[in-house]
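The lines below spell out each chain.
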Amino acid sequence: MTEGNFVDYVKIHVSSGNGGKGSSHLHREKYVAKGGPDGGDGGRGGHVILRGNKNLWTLFHLKFKRHVKAGHGEHGSKQRSTGGDGQDEIIEVPLGTVIRDTETQNILHEITEDGQEIIVAEGGKGGLGNWHFKSSTNQTPRYAQPGIPGEEEDITLELKILADVGLVGFPNAGKSTLLSVITAAKPKIAGYEFTTLKPNLGIVEYRDFKTFVVADIPGIIEGAAEGKGIGHRFLRHIERNSTLLFLIPADAKDIKEQYEILVDELRRYNPELLDKDRLVAISKSDMLDAELKAEMTTQLDRELNAPYIFISSVAQQGLTQLKDKLWEMLNKEEAV
Ligand SMILES: Nc1nc2c(ncn2[C@@H]2O[C@H](COP(=O)(O)OP(=O)(O)OP(=O)(O)O)[C@@H](O)[C@H]2O)c(=O)[nH]1
Ligand SMILES: [Mg+2]
């Protein structure tokens, strides 16, 4: 079930560990008059660390994580023995995760690289043991430093990069079906409108282990930019896709008109969306016979102001060409 696997926003309370106390131990041994101070240092408290992981695509794995708490440092002890450091806690996040201070909403950091680590709550330093404080005037200090307390922070994680390709279409256009045949995702599919309520992601595994990510976004309707339907809530996610794949069913009354309505919705929402590469897939084209297809081709070549391709998810037609074309568009983008 991937319906609802899409989480791009989580709030987490993080707390780092306290530093361990320095020890104020005085060494005593039979027959040794003055052993002197030998209290070791406290260990560092554990950090809470965010780490970029290129194999993650959403924040779904953190959906139920409300608190993350690192371990406390151990106290120092006799014989100058330093306490162990507290256990660090590592939170893995997808690349493109923005970290905000929940209270002020200020951006603290952004994770953009695989393996990149950011300390979001620093563990407290351990206190120094008493032997550091031995001096000519004080041979037996009974004083040792306490550890520094850990930090607490409320952070919000927000995912900026969603997918390489965003599917744009009216409800029932066949977006989820396409996702289910070109990726391993299993979104809900049904013959009624607004089957998809939340975006779904799928990874297209392409020749030679190349991959790209496609997002199935709930259907956009006329007026979506003004807040009609549910697709408008997700228009912001399309802002981050580098390529838009428009899906228009072969049995649409007027393909050109549908395309223009969709483009117009995007323009009204954010004109910058039109700077992205666009490809139109005429879906469900298994319903067309050769003659009808030829007729439509003549008309589309003349009228449609965008590259297009006939596909059928059900009959598995045109899917390889579709992937080839998308791959080509995505990599042209990279070269820029
Ligand atoms: N004949 C035919 N039917 C298709 C094809 N692809 C999808 N359908 C049918 O079209 C209907 C809608 O498919 P979905 O994939 O749920 O459409 P959607 O665009 O995700 O719809 P929403 O989630 O409501 O926006 C379903 O009944 C599918 O079986 C196709 O290639 N050929
Ligand atoms: Mg759907």
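Structural data are supplied above this passage.
Overview of the structure.

What counts and how
- Residues numbered from 1 in each chain as written.
- Chains lettered and ligands numbered in written order.
- Predicted model: local features only at pLDDT ≥ 70, side-chain atom pairs only at ≥ 80, totals over all residues.
- Heavy atoms only, no water.
- Helix = DSSP H or I, 4+ residues; strand = E, 2+ residues; numbered from the N terminus.
- Rg over C-alpha atoms; globule rule 2.2 N^0.38 Å.
- Contact = heavy atoms within 4.5 Å.
- Areas by Shrake-Rupley, 256 points an atom, 1.4 Å probe, with all protein chains shown as cover.
- Lys, Arg positive; Asp, Glu negative; His and termini not counted.
- Charge placed at Lys NZ, Arg CZ, Asp CG, Glu CD.
- Salt bridge = Lys/Arg side-chain N within 4 Å of Asp/Glu carboxyl O.
- Buried < 20%, exposed > 50% of the residue type's maximum accessible area, 1.4 Å probe, protein only.
- Patch = residues over 30% accessible without salt bridge, like charges linked within 9 Å, V, L, I, M, F, W, Y side chains within 5 Å.
- Near = heavy atom within 4 Å.
- Polar contact = N/O pair within 3.5 Å; in protein donor to acceptor, adjacent residues only side chain to side chain.
- Pairing = 2+ DSSP bridges.
- Axes fitted to C-alpha atoms, helices over the stretch in contact; angles between N-to-C directions.
- Core = buried A, V, L, I, M, F, W, Y, C linked by side-chain atoms within 4.5 Å.

## Some remarks on the overall build of the chain
At step 1: If you tally the helices and strands in the chain, you get five helices and 16 strands.
At step 2: Relative to the compact-globule value of 20 Å for 336 residues, the chain shows a C-alpha radius of gyration of 29 Å, a clear excess of over 25%.
At step 3: Taking the principal axes of its C-alpha atoms as reference, the chain extends roughly 110 × 40 × 35 Å.
At step 4: Contacts in the chain between residues at least 24 apart in sequence constitute 73% of all its contacts with a sequence separation of at least 6.
At step 5: Taken as a whole, the chain presents about 17400 Å² of accessible surface, with 48% of it coming from carbon and sulfur.
At step 6: If you average the places of the 41 positive and of the 49 negative side-chain charges in the chain, the two averages end up 8 Å apart.

## Examining the pattern of salt bridges
At step 1: Applying the stated criterion to the full structure yields nine salt bridges.
At step 2: The partner of Lys-256 in a salt bridge is Glu-260, and the shortest N-O contact between them spans 3.5 Å. Taken as a pair, Lys-256 and Glu-260 lie in helix α3 (residues 255-269) at a separation of four residues, close to a single helical turn.
At step 3: For Lys-256, a relative accessible area of 26% puts it in the partly exposed group.
At step 4: Arg-267 is the partner of Asp-264 in a salt bridge, and the nearest nitrogen-oxygen pair spans 2.9 Å.

## Focus: a negative patch on the surface
At step 1: Negative charge collects at one region of the surface, where Glu-222, Asp-254, Glu-257 and Glu-303 lie side by side.
At step 2: Following the sequence through the fold, Glu-303 ends up in helix α4 (residues 290-303).
At step 3: Owing to a relative accessible area of 31%, Glu-303 belongs among the partly exposed residues under this scheme.

## Some remarks on the site of ligand 1
At step 1: As a structural note, the neighbourhood of ligand 1 is formed by 21 residues, with Lys-175, Thr-177, Phe-194, Thr-195 and Asp-286 the closest of them.
At step 2: Between Asn-172 and ligand 1, the recorded distance is 2.9 Å, taken from a backbone N or O atom to an oxygen atom.
At step 3: A distance of 2.8 Å separates an oxygen atom of ligand 1 from a polar atom in the side chain of Ser-176.
At step 4: Protein contacts shield 86% of the accessible area of ligand 1, which totals 650 Å² for the unbound molecule.

## Topic: the sheet that holds strand β13 (residues 210-216)
At step 1: Spatially, six strands are ordered β12-β13-β11-β14-β15-β16 in an open sheet, and the strand pairing comes out mixed. Every interior strand has two partners, whereas the edge strands, β12 (200-206) and β16 (308-310), have only one. Here the average twist between neighbouring strands, direction ignored, is 25°.
At step 2: Here strand β11 (residues 165-169) pairs with β13 via three bridges, running parallel. If you follow Val-165 over to β13, its bridge partner there is Val-214.
At step 3: Sitting on the sheet, α3 touches β11, β14 (243-249) and β15 (277-283), and the angle it makes with β14 is about 140°.

## Remarks on the sheet that holds strand β4 (residues 48-52)
At step 1: A sheet is described by the order of its strands in space; here three strands give the open sequence β6-β4-β9, paired in mixed fashion. Strands at the two margins of the open sheet, each flanked by one partner only, are β6 (89-93) and β9 (117-121). Strand-to-strand twist in this sheet, taken as the mean axis angle between neighbours without regard to direction, amounts to 30°.
At step 2: In this structure, β4 lies alongside β9, joined through four bridges in antiparallel fashion. Within β9, the position partnered with Val-48 by the bridge is Ala-121.

## Section: unusual backbone geometry
At step 1: Phi at Gln-105 takes a positive value of approximately 65°, unusual for a residue other than glycine.
At step 2: Note that Gln-105 resides in the loop between β7 (97-101) and β8 (107-111).
At step 3: Its relative accessible area of 36% is what places Gln-105 among the partly exposed residues.

## Topic: the environment of Phe-60
At step 1: Within the secondary structure layout, Phe-60 lies in the loop between β4 and β5 (67-69).
At step 2: A relative accessible area of 38% means that Phe-60 is categorised as partly exposed.

## Notes on the environment of Asn-270
At step 1: Take Asn-270: it is sitting in the loop between α3 and β15.
At step 2: A relative accessible area of 15% means that Asn-270 is categorised as buried.
At step 3: Here the alpha-carbon distance between Asn-270 and Ala-225, two residues 45 residues apart in the chain, equals 8.7 Å.

## Digging into the side chain of Ser-176
At step 1: As for its placement among the helices and strands, Ser-176 is situated in helix α1 (residues 175-182).
At step 2: With a relative accessible area of 9%, Ser-176 lands in the buried category.
At step 3: Engagement of the side chain of Ser-176 in a polar contact is seen with the side chain of Asp-216, the distance being 2.6 Å.
At step 4: Residue contacts for Ser-176: discarding those within four places in its chain leaves Pro-187, Lys-188, Ile-189, Thr-196 and Asp-216.

## Points about the nonpolar core
At step 1: One finds Phe-246, Tyr-259, Val-280 and Ile-282 to be the most contacted residues of the largest nonpolar core, which totals 26 residues.
At step 2: Of all elements in the fold, only β14, α3, β15, α4 and β16 reach the threshold of two or more residues within this core.
At step 3: At six residues, the largest contribution of residues to this core is made by α3.
At step 4: Those residues in contact with Tyr-259 that sit more than four places away from it in its chain are Phe-246, Ile-248, Arg-278, Val-280, Leu-304, Asn-305 and Ala-306.
At step 5: Membership of the second largest hydrophobic core comes to 23 residues, among which are Leu-167, Leu-279, Ala-281 and Ile-311.

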